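Residue-level listing of the chains:
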Amino acid sequence: MTTVHVHAIALGVESFGDDDAPLVLLVGGTTMLSWPDALCERLAAGGRRVVRYDLRDSGESTTADPETPAYTLRDLATDAAALVEALGDGPAHIAGTGVGGMVAQVAVLDHPGAFSALTLVGTRAVAPGPPDDLPDHDQATMRRLFARPMPDWTDRDAVAEFAAAGAEILGNDPAAARAVAARVWDRTPGTAPPVQMANQMGMVFSRLDCTPRWRERLSGIGVPALVVHGRRDAFFPVGNGEVLAREIPGARLLVLEEAATAIPDAAVGEVAEAMLTL
């Protein structure tokens, strides 16, 4: 792991594979650890240089004020294009998961010369506010998820257990979520609740300016695209992925029948194979 400076900010990055291989840039959602190690390794074994990175206010990237971020969704998209330029390996296949998928969509639309392919995992085409005609969060699941008391953010084990319980509510693997949360805690610069919530829950993204809308521009995406979505995703139900695949020209839809919001270990090979064909 290292940091790369773009636009006077530091982005925490980790690389897998041959430095001379074609670049796959994995946008964190919000930290790089939202991308499974096993997937990074499979892509690298398939002849790619894989770089995953932390969004601002998470992980090893510049942390300022997660409660009042002084940047927008479009700034995060510009970060992605600048990172490709700094790495010197463009154009890149960009992939985003969750909120990182929104960053990836806008990055391809605003900086088309920087990217050669697009993968979107468990995301949607609008933010913030009403979801248009798209299926919204499952409200019963959200009530269970957000009714829980916050953990003691200074207690690593408590934070890991909080993440495991949330994963069980969402239909993800609690053991995997517990392990990732502990790693995220170790990389978080401090235990202040806003900083921990930005790293563990991505709450900083809910405070971002995500205007203007970009859904109406999806038909202008001119690179090969893959949309991956869990059939059991209660946060962004699978209809969001189906719409992305319809509205992005030529996009392939890969529905993971047994997955929720996270890519399970059992699906890593299938996802990697689909990404390598782009």
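It should be noted that the structure appears before, not after, this text.
Along every chain, residues carry numbers that run from 1 in the direction the sequence is written. Thresholds applied to this predicted model are a pLDDT of at least 70 for local features of residues and 80 or more for the giving and counting of side-chain atom pairs; totals over whole chains, interfaces and linings are not thresholded and use all residues. Calculation of side-chain values draws on the structure's entire complement of heavy atoms; hydrogens and water are dropped beforehand.

(A) Just the nonpolar core, in detail. Take the buried residues of types Ala, Val, Leu, Ile, Met, Phe, Trp, Tyr and Cys, join any two whose side-chain atoms come within 4.5 Å, and each joined set is a nonpolar core. Each residue is placed in one exposure class: buried if its accessible area under a 1.4 Å probe, protein chains only, is under 20% of its type's maximum, exposed if it is over 50%, and partly exposed if it falls in between. Counting residues in each nonpolar core, the largest one holds 53 residues, and the members touching the most others are Tyr53, Ile94, Phe115, Leu118, Phe205, Trp214 and Ile248. Segments assigned H or I by DSSP are reported as helices when at least four residues long, segments assigned E as strands when at least two residues long, and all are numbered from the N terminus. Ranked by residues supplied to this core, first place goes to helix α2 (residues 73–87) with nine residues. Here, residues are in contact when the closest pair of their heavy atoms is within 4.5 Å. When sequence neighbours within four positions are dropped, the list of residues in contact with Phe115 reads Ala80, Ala81, Val84, Pro91, Ala92, Ile94, Ala107, Val108 and Val223. Within the second largest apolar cluster, 23 residues are counted, among which are Ala44, Val121, Leu256 and Ala259.

(B) Layout of the environment of Ala125. Along the chain, Ala125 turns up in the loop between β6 (115–121) and α4 (139–146). Distance in space between the C-alpha atoms of Ala125 and Gly241 is 8.8 Å, their sequence separation being 116 residues.

(C) Region of interest: the pairing of strand β8 (residues 252–256). By the bridge criterion, five bridges tie strand β7 (residues 225–230) to β8 in an arrangement that is parallel. Residue pairing for β8: His229 is matched across the bridge by Val255. Note on pairing: two strands pair once DSSP finds at least 2 bridges between them.

(D) Molecular detail of the packing of α4 against helix α5 (residues 156–170). Throughout, an axis means a line fitted to C-alpha atoms (over the contacting stretch in the case of helices), and angles, computed between N-to-C directions, take values from 0 to 180 degrees. For the pair α4 and α5, the least separation of the axes is 10 Å and the interaxial angle reads 170°. Relative to α5, α4 is oriented roughly antiparallel. Here α4 contributes Thr141, Met142, Arg144 and Leu145 to the contact with α5, which in turn contributes Gly166, Ile169 and Leu170. Polarity classes work like this: nonpolar for Ala, Val, Leu, Ile, Met, Phe, Trp, Tyr, Cys and Pro, charged for Asp, Glu, Lys and Arg, and polar for all others, with Gly in that last group. Residue composition of the contact of α4 with α5, grouped by class: four nonpolar, two polar and one charged. Put simply, angles under 35 degrees are roughly parallel, angles over 145 are roughly antiparallel, angles from 65 to 115 are roughly perpendicular, and the rest are oblique.

(E) Focus on the pattern of salt bridges. A pairing counts as a salt bridge when a side-chain nitrogen of Lys or Arg comes within 4 Å of a carboxyl oxygen of Asp or Glu. Enumeration over the complete set of coordinates arrives at 18 salt bridges. As a salt-bridge pair, Arg215 and Asp132 come within 3.2 Å of each other at their nearest N and O atoms. With Arg215 in the loop between α7 (193–200) and β7 and Asp132 in the loop between β6 and α4, this residue pair connects regions lying 83 residues apart in the sequence. Across the pair Asp133 and Arg215 runs a salt bridge whose closest N-O atoms are separated by 2.7 Å. Residue Asp133 is located in the loop between β6 and α4, and its partner Arg215 is located in the loop between α7 and β7; the two are separated by 82 residues in the primary sequence.

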